[in-house]
Structure formats: C-alpha cells, structure tokens
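For reference, the chains in residue letters:
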Amino acid sequence: MFIDFSSLATSIGIGGLATSIGIGGLATSIGIGGFLGFLMGYAIKKILKIIIIVAGLLVGIIYYLQYNGLIALDWAKMEQAVSNLMTNFDGLSLNAPFFPGISDQIFNAISNSGIPLTGGFAGGFAFGFSKG
C-alpha cells in the first residue's frame, strides 16, 4: 500500500497554512537569533578564559617578585583593597549605558522580533558558551 503524502499535503493546504502563519519569518528569526547567540556565547567564553589566564599570570608574577625580594607587598592591605573594590560600587552607575542609545536599539529589536529571536538567541548562547 502506497500513500502519496504530497497530494495529501496539498489537499489539506499545508503550504497555505505555513504562509498564513509566517513560518518562514519565524524560522528566519529563530535562526538569526540562534546564530548570533552562538557567536556571542563562544566569544564571551573565550574572552573570559583569556582574562582569567592573564589575571593568574599577574598574580604569579607579583608573588614571584615578592618571593625574590624585588618588591614588598602587604597582602593584608591588598586583600582589604580588593575587598573594598568588590563591595563598593560608588563609581559604577548601572543606569547609564556605556554607549548611549544602543540599549534602546537592542530593546526595540528584541521587542519587535519577539520571543522567537530571543529564544533562539538564548539557545544559541547556551550552546556557544558550552562549546567555547
């Protein structure tokens, strides 16, 4: 017994249904969001790795210089300074964006594209971050 699915699809009108609900635009939105999310997640993980390696090397160099007597560090004072830096964000304004107007443009793009773009971006970001 052979069933011809192409004639069944045309008799049901699946092609018209896909066009009427905009599956092409939906797929494009999800695909673009997923691709951009993957790129961003991958890049952020690579940048974080580089920052962690550089910070570790700097601490190692400072400790080596202190061990050889080339510099003298008061570790208690340094710990206090880092503690103050981590808990005191007086100089950081979370309301002022780094690039004025960019946050408004991003918000408008996400709100206009809606959930498919945002969902694709989130999935792509998670996948890119895991592969990075």
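Residues numbered from 1 in each chain as written. Predicted model: local features only at pLDDT ≥ 70, side-chain atom pairs only at ≥ 80, totals over all residues. Heavy atoms only, no water.

A few points about helix α6 (residues 115–131)
- Taking 1.5 Å as the rise per residue, α6 with 17 residues should run 24 Å; its terminal C-alpha atoms sit 24 Å apart, in good agreement.
- Those residues of α6 that fall on the buried side of the exposure criterion are Leu117, Gly120, Gly124 and Gly128. Buried residues of α6, seen end-on, are gathered within an arc of 70° and therefore sit on one face of the element. (Helix = DSSP H or I, 4+ residues; strand = E, 2+ residues; numbered from the N terminus. Expected span 1.5 Å × (residues − 1). Buried < 20%, exposed > 50% of the residue type's maximum accessible area, 1.4 Å probe, protein only. Arc of directions from axis to C-beta.)

A short note on the confidence of the model for the protein
- Of all residues in the protein, 61% attain a pLDDT of 70 or more, and the chain-wide mean is 75.
- Mean pLDDT values for the elements of the protein range from 49 in helix α2 (residues 14–21) up to 89 in helix α3 (residues 23–67). (pLDDT = per-residue confidence, 0-100.)

So, the packing of aromatic side chains
- Summed over all chains, the structure comprises five aromatic pairs.
- Summarising the aromatic geometry, the rings of Phe125 and Phe129 are spaced 6.0 Å apart at their centres and angled 15° between planes, so their arrangement reads as stacked. On the criterion of helical spacing, the pair formed by Phe125 and Phe129 is a turn pair, its members being four residues apart in helix α6.
- By way of ring pairs, the aromatic residues Phe38, Tyr42 and Phe127 are connected into one cluster. (Phe/Tyr/Trp six-rings, centres within 6.5 Å; stacked < 30°, edge-to-face > 60°.)

A word on the environment of Ala122
- Examined against the element boundaries, Ala122 turns out to sit in helix α6.
- The partly exposed category is assigned to Ala122, whose relative accessible area is 46%.
- When the C-alpha positions of Ala122 and Gly34 are compared, they lie 7.2 Å apart, and in sequence the two are 88 residues distant.

A closer look at a nonpolar patch on the surface
- A grouping of Ile62, Tyr63, Tyr67, Leu70, Ile71, Trp75, Met78, Val82, Leu85 and Met86 is seen on the molecular surface, where their side chains present a nonpolar patch of about 1,000 Å² in accessible area.
- Elements supplying a minimum of two residues to the nonpolar patch: α3 and α4 (75–87).
- Mapped onto the secondary structure, Met86 falls in helix α4.
- Looking at Met86, the relative accessible area reads 57%, which means it is exposed. (Patch = residues over 30% accessible without salt bridge, like charges linked within 9 Å, V, L, I, M, F, W, Y side chains within 5 Å. Areas by Shrake-Rupley, 256 points an atom, 1.4 Å probe, with all protein chains shown as cover. Salt bridge = Lys/Arg side-chain N within 4 Å of Asp/Glu carboxyl O.)

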